[in-house]
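Read off the chains here:
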Amino acid sequence: MLEVENLSCVRGDRRLFSSLNFSVQPGGLLQLTGPNGSGKTSLLRIICGLAPAADGEVRWQGASIRSLGEEYFTQVTYIGHRHGVKDELTAIENLRVSSGLGGTDVSEPEAANILRKMGLGGREHLPALFLSEGQRRRLALSRLGVCSKALWLLDEVLTSLDKAAVALVSSLIEEQLDKGGMAIVATHQDLNVSASSFQRIELAP
Amino acid sequence: MFRWVVWRDLMLAWRRRADVLATLFFFVIVVSLFPLSMEPETRTLRTIAPGVVWVAALLASMLSLGRLFANDYTDGTLEQMLLTPQPLYLIVLGKVLAQWVVSEIPLVLIAPVVGVQFGLSQTTLIVLTISLLIGTPVLSLIGAIGAGLTLGLRGSGVLVSLLVLPLYIPVLIFGAGAVQSSITGENPLPHLELQGAALVLTLVFAPWATSAALRISLE
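Calculation criteria
- Residues numbered from 1 in each chain as written.
- Chains lettered and ligands numbered in written order.
- Predicted model: local features only at pLDDT ≥ 70, side-chain atom pairs only at ≥ 80, totals over all residues.
- Pairing = 2+ DSSP bridges.
- Helix = DSSP H or I, 4+ residues; strand = E, 2+ residues; numbered from the N terminus.
- Contact = placed C-beta atoms within 7 Å.
- Axes fitted to C-alpha atoms, helices over the stretch in contact; angles between N-to-C directions.
- Core = buried A, V, L, I, M, F, W, Y, C linked by C-beta atoms within 7 Å.
- Buried ≥ 20, exposed ≤ 12 C-beta atoms within 10 Å, placed from the backbone.
- Parallel < 35°, antiparallel > 145°, perpendicular 65-115°, else oblique.
- Left-handed = near helix turned anticlockwise from the far one by under 90°.
- Nonpolar A, V, L, I, M, F, W, Y, C, P; charged D, E, K, R; others polar.

S.K.: Explain the pairing of strand 4 (residues 55-60) of chain A here, please?
M.R.: Look at any regular strand and the pattern is simple: side chains alternate between the two faces of the sheet. Residue and element names in this part refer to chain A. In the sheet, strand 1 (residues 2-11) pairs with strand 4 via five bridges, with the strands oriented antiparallel. In the strand pairing of strand 4, valine 4 is matched with valine 58. Bridge count for strand 4 against strand 5 (residues 63-64) is two bridges, and the pairing is antiparallel. Following the sheet pairing, arginine 59 is matched in strand 5 by serine 64.

Set out below in structure tokens:
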């Protein structure tokens, strides 16, 4: 279970949000909305442990994520809007490297399989340079298909995706929730995901 | 995981061969300019050889520092690396190792060839190569700290030189010192041993300092 207690975030001399409280249970989905610059990305970066909070605490299974350190990272997958797809590497290489870095080794046939599922069939051996923006995002998201981490943090992942891809991502999230995982998604679009517990948090400007 | 970092960086370097070759050519050209611009007297050339080759190696290694983390930083890969279950220390070590193999090893290999222009004896050329072999990893390790600290800053290229070049001085002194003593017929071993000590020291502390720098830069 993920608990956020009394969290506040300050960027420069602006307070983005303060006294934020919520918790996500296994199988739960949380959607973050709010206007541009309201601190959605900052919140996700604090939850995944990249940035420190000005005040408050994030707890995973009851323990502060600061004290868990690398143990926490075995449970978390974060996909930001800068998705880290390398132009010079082929689609398969990109997927194998990014999941390898996350601690899951994927064999080449497995990777090809997932890429086909993500609608990148026939482009597995193409350098990512030749993929369109939407395809690159599909490639970045295909990492979700191989990782078995309990908490997904997705930041504006639906941008530049077509309808079919949005449906694909939604089904991936659904699978994750069915397995008892959790997902926090920052997006303006409507999520068409059936979740046992769904919350929406709107960050004020 | 460690091998993924190394494999990835080697692969990226292979696909961007031009960058690597540029560093190598820079080294060769800078070293070659000196014999061309001075009177071709063997004694003078021999005197300046250790300094010239080593200074050129320092400058060439500065060139590749910019690429160490900057690309991964802009496209978000570095964030992913910070969020891996393995210690950041290992990731930094892997990246530095790959950078050393790609940018410094070619330099070490070509050094005896360019050294011939200075009329160095065979023994001296061997000492030069060994001193570069021990010294260049230190350059990469120290450089990584600077690259990590200046990540995402404007004009980081100049800043990293100002930050890192002074820290290179001990390596330069012992490296050039080893070659110098080999030319004058003394024993170069003490210098090489001191270089080895510097290597061990930086191997332990530099990746750790770089990890801290990266965490700060990415906050």
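That shown, we press on.
S.K.: Would you take a moment to explain the sheet that holds strand 5 of chain A for this structure?
M.R.: Pairing between the strands of a sheet is mediated by backbone hydrogen bonds and can be parallel or antiparallel. Residues and elements named next belong to chain A. The strand order across the open sheet formed by four strands is 2-1-4-5, and the pairing between neighbours is antiparallel. Two strands lie at the open edges of the sheet, namely strand 2 (14-24) and strand 5, each paired on one side alone. Relative to the sheet, helix 1 (residues 40-47) contacts strand 1, strand 2 and strand 4, its axis offset from that of strand 1 by approximately 125 degrees.

S.K.: Hey, could you run me through the sheet that holds strand 7 (residues 151-155) of chain A in this one?
M.R.: All names here are of chain A. Taken together, the five strands give an open sheet; going across it, the order is 6-7-8-3-9, and neighbouring strands pair in parallel fashion. The open sheet has two edge strands, strand 6 (76-79) and strand 9 (197-202), and neither has a second partner. For this sheet the average axis-to-axis angle between neighbouring strands, irrespective of direction, equals 10 degrees. Of the pairings in the sheet, the one linking strand 3 (residues 28-33) to strand 9 comprises six bridges and is parallel in character. Looking at strand 9, one finds that leucine 30 is bridged to glutamine 199. Its contacts with the sheet place helix 7 (residues 163-178) against strand 3, strand 7 and strand 8 (182-186), and it is angled at close to 145 degrees to strand 8.

S.K.: Help me understand the nonpolar core in this model?
M.R.: Formed by 60 residues in total, the largest nonpolar core has its most connected members in B:Val53, B:Ala57, B:Leu128, B:Ile142 and B:Ala144. Aside from chain neighbours lying at most four places away, what touches B:Val53 is B:Val31, B:Ala111, B:Gly115 and B:Leu128. Among the nonpolar cores identified, the runner-up in size contains 55 residues, and A:Ile79, A:Val106, A:Leu141 and A:Leu168 belong to it.

S.K.: Could you clarify how one ought to interpret the packing of helix 3 (residues 42-74) of chain B against helix 7 (residues 156-183) of chain B in this entry?
M.R.: Helix packing geometry: the angle between the two helix axes and the distance between the axes. Residues and elements named next belong to chain B. Their axes nearest at 8 Å, the elements helix 3 and helix 7 cross at an angle of 150 degrees. Accordingly, the angle class assigned to the pair helix 3 and helix 7 is roughly antiparallel. As helix 3 runs across helix 7, the sense of the crossing is right-handed. On helix 7, the residues that touch Arg46, Ala49, Pro50, Gly51, Trp54, Leu58, Met62, Leu65 and Gly66 of helix 3 are Gly157, Val160, Ser161, Leu165, Tyr168, Leu172, Gly175, Ala176, Val179, Gln180 and Ile183. Tallied by class, the residues present in the contact of helix 3 with helix 7 amount to 13 nonpolar, six polar and one charged.

S.K.: What's the story with helix 4 (residues 91-101) of chain A in this structure? I'm lost.
M.R.: Think of an α-helix as turning once every 3.6 residues; residues three or four places apart then point the same way. Buried residues dominate helix 4 of chain A, accounting for 10 of its 11 residues. Looking at the buried side of helix 4 of chain A, the elements it contacts are helix 5 (108-117) and helix 6 (133-141) of chain A together with helix 1 (2-15) and helix 4 (77-82) of chain B. Just beyond helix 4 of chain A, the residue with positive phi is A:Gly103, at close to 100 degrees.

S.K.: Sorry if this is basic, but what is going on with the interface of chain A and chain B here?
M.R.: Many authors give the size of an interface as the accessible area that is lost as the parts come together. Counting residues at the interface gives 23 residues for chain A and 21 residues for chain B. Elements represented by at least two residues in the side of chain A that touches chain B include exactly helix 3 (70-73), strand 6 and helix 4 of chain A. In terms of residue count, helix 4 of chain A provides more of the side of chain A that touches chain B than any other element does, five residues in total. Taken together, the residues that form the side of chain A that touches chain B break down as 10 nonpolar, eight polar and five charged.

S.K.: What am I meant to see in the packing of helix 6 (residues 122-149) of chain B against helix 8 (residues 189-217) of chain B here?
M.R.: Residue and element names in this part refer to chain B. At a minimum axis separation of 8 Å, helix 6 and helix 8 run at an interaxial angle of 20 degrees. If you check the angle between helix 6 and helix 8, you find them roughly parallel. Where helix 6 crosses over helix 8, the two elements pack in a sense that is left-handed. The residue inventory of the contact of helix 6 with helix 8, partitioned by class, reads 17 nonpolar, eight polar and no charged.

In short, shape yes, function no, at least from these values alone.
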